[in-house]
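What follows is the residue order along each chain.
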Amino acid sequence: QKAQTVKAFLVDVFRSSNPRSMQYKGKDLTARELLVNGENTIGRKLKSQPDVYTEIVLAIGDAFTNIDEFEKAENSYQKALTQIPNTADPVENKIRTYVKLGNLKCIWTKDSTAFVPARKAQKLLHAIDNPEPQLAASVAGLMGRVNVLTEDYDKANNYYQRADSIYTQ
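Residues numbered from 1 in each chain as written. Predicted model: local features only at pLDDT ≥ 70, side-chain atom pairs only at ≥ 80, totals over all residues. Heavy atoms only, no water.

This part takes up the overall build of the chain. Counting its secondary structure elements, the chain contains eight helices and zero strands. Listing each helix as α and each strand as β along the chain from the N terminus yields α-α-α-α-α-α-α-α. Expressed as a percentage of its 169 residues, the buried residues of the chain come to 41%. (Helix = DSSP H or I, 4+ residues; strand = E, 2+ residues; numbered from the N terminus. Buried < 20%, exposed > 50% of the residue type's maximum accessible area, 1.4 Å probe, protein only.)

Below you can see the structure in the form of structure tokens.
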């Protein structure tokens, strides 16, 4: 059902962004414009489905990151955080989102502000008895990345080795 809802939403975003529509009058839309249209639509259509809303907003944030729209990506991740308490797995979803925010800060600001979401993710991860290996590895990888920013290479290497060990297992 979740997959069907996501699919229907994405098809609707592309349909509503049809260049033959009266709204766009033959204009070819950029990826950025499609993402903005989707983000504007999601609040109206999916707020009552927090799990689907969160997945799509995170995907939109990832897409914004990939086209170097870092501020928009951060806004998308922050929107996800507002709905995460209503999802089926709020702690895991928060961790995933903080990892995304930390990685975004690493490539966008390239400074120690990336430690804030990284530490939040790490703290939440320690609160889980048996975290998913991929989740634990992503947090360790992020901690390695933020330590590289502060040139603490020994600490970064330890985190990277931990992430590698988790992925290998």
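Still more ground to cover, so stick around.
Here we come to the pattern of salt bridges. Across all of its chains, the model carries four salt bridges by this definition. With its nearest N and O atoms 3.1 Å apart, the salt bridge here joins Arg32 to Glu69. A residue pair is termed long-range when its members are at least 10 positions apart, and Arg32 in helix α2 (residues 31–46) and Glu69 in the loop between α3 (50–66) and α4 (70–83) qualify at 37 residues. Note on Arg32: relative accessible area 32%, which makes it partly exposed. Among the salt bridges present, the one from Lys100 reaches Asp62, with a minimum N-O distance of 2.7 Å. Taken together, the residues span a long stretch of sequence, with Lys100 in helix α5 (residues 90–108) and Asp62 in helix α3 at a distance of 38 residues. The exposure class of Lys100 is partly exposed, given its relative accessible area of 22%. (Salt bridge = Lys/Arg side-chain N within 4 Å of Asp/Glu carboxyl O.)

One way to put it is that α5 packs onto helix α7 (residues 133–149) with a least axis distance of 10 Å and a crossing angle of 25°. The orientation of α5 with respect to α7, classified from their angle, is roughly parallel. In this structure, α5 meets α7 at a crossing whose hand is left-handed. Mapping the contact onto sequence places Glu92, Ile95, Arg96, Tyr98, Val99, Gly102, Asn103, Cys106 and Ile107 in α5 and Leu135, Ser138, Val139, Leu142, Arg145, Val146 and Leu149 in α7. Here the residues of the contact of α5 with α7 sort into 10 nonpolar, three polar and three charged. (Axes fitted to C-alpha atoms, helices over the stretch in contact; angles between N-to-C directions. Parallel < 35°, antiparallel > 145°, perpendicular 65-115°, else oblique. Left-handed = near helix turned anticlockwise from the far one by under 90°. Contact = heavy atoms within 4.5 Å. Nonpolar A, V, L, I, M, F, W, Y, C, P; charged D, E, K, R; others polar.)

Moving on, we come to α7. A rise of 1.5 Å per residue sets the reference length of α7, with its 17 residues, at 24 Å; its end C-alpha atoms lie 25 Å apart and thus fit the reference within 8%. Restricting attention to buried positions, one finds in α7 the residues Leu135, Ala136, Ala137, Val139, Ala140, Leu142, Met143, Gly144, Val146 and Asn147. Buried residues belonging to α7 abut α5, α6 (115–126) and α8 (153–168). (Expected span 1.5 Å × (residues − 1).)

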